[in-house]
Amino acid sequence: MAAKRKLGRPPPAATPAAPKAKEDDAEGLFSSRSFADLGLHPTLCAHLQDKMGFQGPTRIQAQAIPVAMSGQHLLVKAATGTGKTLAYLAPIVHLLQMREPRVERTHGTFALVIVPTRELCLQVYGIAQQLVHRFHWLVPGYVMGGESRSKEKARLRKGISILIATPGRLLDHLQHTSSFVYSNLRWIVFDEADSILELGFGKAVEDILGLLGSRNDASDENKSKTDPMQRQNLLLSATLNEKVNRLANISLKNPVMIGLDEQKKPSERSSALGKKHTSLLSDDEEEIPDKHNNIVEPAVDDFKLPAQLVQRYVKVSCGSRLAVLLTILKSQFEKQVSQKVVVFMSTCDAVDFHHTVLSQLEWSRGLALDTDKKQKFLGCKVFRLHGNMDQEDRKKSYLGFSSEKSAILVCTDVAARGLDIPKVRCIIQYDSPGEASEYVHRVGRTARIGEKGEALLFLQPVEIDYLRDLELHGVSLTEYPFQKVLDGFPVNGEKPLKRKPISLDMHPWILSVQRTLENYVASEATTNKLARDAFCSWLRAYTAHRGELKKIFMVKKLHLGHVARSFGLKEQPSLVGRSHQVQLKKRKKEQKREGQGPTKRRKFPTKK
Ligand SMILES: Nc1ncnc2c1ncn2[C@@H]1O[C@H](COP(=O)(O)OP(=O)(O)OP(=O)(O)O)[C@@H](O)[C@H]1O
């Protein structure tokens, strides 16, 4: 056991190589060290243990905290839900609380944490608030899109020691809030660094680093505004990519790397970093640093997923997708009343439509035809979350779902990054995520910090090659036993005794759910409009898959009548808008070229 350090004594300087938690077993989540062993202040250690319930650091924390306290730049890649937030916040709080003279609000901002989404901003702010509980002179705060600028200005004027921010709003304040003091800035943290760049904040990040004088290639004029010698930058994510390389090249000097390429010698790293500064704006190959300049290897990378996560896929034909989703959710909540499920969709309109269906669809119990007594198909609360909601609704939804014991959250990828919602048991990816890294973050909302978790990916038979793409990243899924789930449901009040093999689309239960769904969508004008809008936006999103994925998610292989069916529509809505017309023309041209006639459309049984 390492000797305990004295109060206030600076921690020893770390070596460039990340210190390994020697006593830890290789696969375990937790380190065998204590927080005190890592050099954290006793008051902070006591608070972590007694008030936050953390008995000891996770392995990633045991590796990162001493390095962060040593003042070195840091690049961390670690699986979702392994405690990366504390890995950077605890050392910041530790170092700030012991600062002499004591930190005051008029000193402005010392630590800046940049995050990609508003919900993550609130979440990190919440953790910072807990951590400073015993150090009342440290003030955390946040600025983010959707909030009142003038109120934020007032808070910045008063002074915020640890500022959590989304990039756009931060840049806005850096440019327009003259009372924002950042001359004492010591830390810049990029949490979910790859996502910040993927979401198109590259230019904002460049401007932020420029204004803060924190680019390796900053002009002398900018550098003199602050004290870059004191600056420490940290980049973290469960998935790092080529773009992060560029950000690392711009903002990190001789970083210690944790969780990636640990064999690479420090000398290689430093020479790599010093050589070339690249832009965060372009995907142009020219801009990509050569292999020797890379911090994050560009090769296909294995993603680390929580070992206890059960990952499965269900193969469903397009027309039955929604009936199958409803059936799976029903079965999940019947098996276990108290649980939380997150369902990922590709577009905001799809979230709005499915949220309405999941929360409002009614049925006659057992799908018996002779009873008028209707009840909700799913009994639990359903929340929604996407980027087009207004800020108040977004906050309510996120906090509402977080505090429920039993609920469903229907959301876009706005909820995929970093969110730590307690007790989420199952992640359903109803629409495929596209990039494998997004898959990792979506499923990472469950099985956090050693808890159990399940993930289920919906795939159409024509999309099944996506499994191979995931396998390239070390992610492998097994098939979900949906037939068994179906067998558990009664039809016309009875569970069929002996079952002959029957196709899923023709199964009486699925047909009945589909009928219920279509009648509901047809009878409710608002839901019908939601369904049509969702249909159009879903198709647009489907055509937007990038690169290699275009070969798997091919819009020309879709039967639009079946797609309509998956939105509870009896007929395909007319596709308005230029992009659809272009798409249709393209489809026809391609069919002609391939010598096919228009796809034969199968008729579905009409409803009575
Ligand atoms: N040392 C610890 N002991 C117990 N629980 C911890 C510890 N550190 C963090 N946690 C808890 O683990 C959960 C996950 O932490 P956190 O959100 O920081 O993970 P993460 O690695 O940032 O995940 P993601 O990559 O998804 O953002 C949180 O609920 C947090 O409170």
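In this numbering scheme, every chain counts its residues from 1 along its sequence in written order. Thresholds applied to this predicted model are a pLDDT of at least 70 for local features of residues and 80 or more for the giving and counting of side-chain atom pairs; totals over whole chains, interfaces and linings are not thresholded and use all residues. Excluding hydrogens and water, the side-chain figures rest on all heavy atoms present in the structure.

By the naming in an unreviewed UniProt entry, the protein is ATP-dependent RNA helicase, taken from Hordeum vulgare subsp. vulgare. Listed under Catalytic activity (unreviewed entry) in UniProt, the entry text for the protein is "ATP + H2O = ADP + phosphate + H(+)". Quoted verbatim from the Function (unreviewed entry) field of UniProt, the annotation for the protein is "RNA helicase." UniProt positions are given in the numbering used here, feature names are shortened, and annotations may be inferred rather than shown by experiment.

Enquirer: I'm lost on the site of the ligand in this one. Help?
Expert: Residues in contact with the ligand amount to 20 residues; listed here are only the nearest, Gly 81, Lys 84, Thr 85, Asp 420 and Arg 448. In this structure, Asp 420 approaches the ligand through a side-chain N or O atom, which is 2.5 Å from an oxygen atom. To be near a molecule or strand, a residue needs just one of its heavy atoms within 4 Å of it. By the criterion applied in these results, polar contacts are pairs of N or O atoms within 3.5 Å in which, for protein atoms, one can donate a hydrogen and the other can accept it, and in which residues neighboring in sequence qualify only through two side-chain atoms.

Enquirer: Help me out: how do you make sense of the UniProt feature "short sequence motif: Q motif" (unreviewed entry) in the protein in this one?
Expert: Per the UniProt annotation, the sites labelled "short sequence motif: Q motif" (unreviewed entry) are residues 33-62. Structurally, residues 33-62 comprises 47% helix and 0% strand, and the distance from its first C-alpha atom to its last is 7 Å. Helix and strand definitions follow DSSP, with helices as H or I runs of at least four residues and strands as E runs of at least two, each counted in order from the N terminus.

Enquirer: Teacher, can you tell me more about helix H15 (residues 436-443) here?
Expert: Turn by turn, an α-helix covers 3.6 residues, leaving residues three or four places apart pointing in a common direction. Note on classification: 1.4 Å probe, protein chains only; a residue is buried when its accessible area is under 20% of the maximum for its type, exposed when over 50%, partly exposed between these limits. Counting buried positions along H15 yields eight of eight residues, so the element is predominantly enclosed. Among the residues making up H15, those that are buried are Ala 436, Ser 437, Glu 438, Tyr 439, Val 440, His 441, Arg 442 and Val 443.

Enquirer: It is not clear to me how the nonpolar core should be interpreted in this structure. Could you clarify?
Expert: If you look at soluble globular proteins, the nonpolar side chains tend to sit buried side by side. Take the buried Ala, Val, Leu, Ile, Met, Phe, Trp, Tyr and Cys residues and link them wherever side-chain atoms come within 4.5 Å; each set so joined is a nonpolar core. Leu 326, Leu 329, Ile 408, Ile 428, Phe 458 and Phe 482 are the most contacted members of the largest nonpolar core, which totals 78 residues. Broken down by element, this core gets its largest block of residues, eight residues, from helix H12 (residues 321-335). By definition in these notes, contact holds between two residues if any of their heavy atoms fall within 4.5 Å. Residues in contact with Ile 408, not counting those within four places in the same chain, are Leu 329, Phe 333, Val 341, Val 343, Leu 358, Leu 378, Cys 380, Lys 381, Val 382, Phe 383 and Phe 401.

Enquirer: What's the story with the packing of aromatic side chains in this structure? I'm lost.
Expert: The geometry of an aromatic ring pair is captured by two quantities: the separation of the ring centres and the angle between the planes. Each aromatic pair joins two rings of Phe, Tyr and Trp (for Trp, the six-membered one) with centres within 6.5 Å, and gets the label stacked for planes under 30 degrees apart, edge-to-face for over 60, and tilted for any other angle. Considering all chains together, one arrives at 15 aromatic pairs under this definition. Residues Phe 383 and Phe 401 carry aromatic rings whose centres are separated by 6.1 Å and whose planes lie at 65° to one another, so their mutual orientation is edge-to-face. Highlighted residues: Phe 383 in strand S12 (residues 381-385) and Phe 401 in helix H14 (residues 391-403), separated in sequence by 18 residues. No difference in accessibility class separates Phe 383 from Phe 401, as the two residues are buried. Connected via pairs of aromatic rings, a cluster forms that spans Phe 353, Tyr 466, Phe 535, Trp 538, Tyr 542, Phe 553 and Phe 567. Cation placement over rings: the criterion is NZ of Lys or CZ of Arg within 6 Å of the ring centroid and within 35° of the ring normal. The lysine or arginine in question, Arg 102, covers the ring of Trp 137, its NZ or CZ lying 3.6 Å from the ring centre. Residue placement shows Arg 321 over the ring face of Tyr 430; its charged tip is 4.0 Å from the ring centre.

Enquirer: Explain helix H1 (residues 42-51) to me, please; I cannot follow it from the model alone.
Expert: Within the sequence span of H1, burial applies to Leu 44, Cys 45, His 47 and Leu 48. The buried residues of H1 all sit within an arc of 160° when viewed along its axis, so they share a single face. Those residues of H1 that are exposed and aimed more than 90 degrees away from the buried face are Asp 50 and Lys 51. As for H1, its buried residues are in contact with helix H3 (84-97) and helix H4 (118-131). Downstream of H1 by one or two residues, Gly 53 has phi in the positive range, about 75°. Our arc is simply the arc of the directions from the helix axis toward the C-beta atoms.

Enquirer: What exactly am I supposed to notice about the environment of His 386 here?
Expert: Residue position: His 386 is located in the loop between S12 and H14. Classification of His 386 by relative accessible area gives buried; the value is 2%. Separated by 275 residues in the primary sequence, His 386 and Ala 111 have C-alpha atoms spaced 29 Å apart. In this structure His 386 touches Cys 348, Val 351, Asp 352, Arg 394, Thr 412 and Val 414, once residues within four positions along its chain are discounted. Here Asp 352 takes part through its side chain, which lies 2.9 Å from a polar atom of the side chain of His 386.

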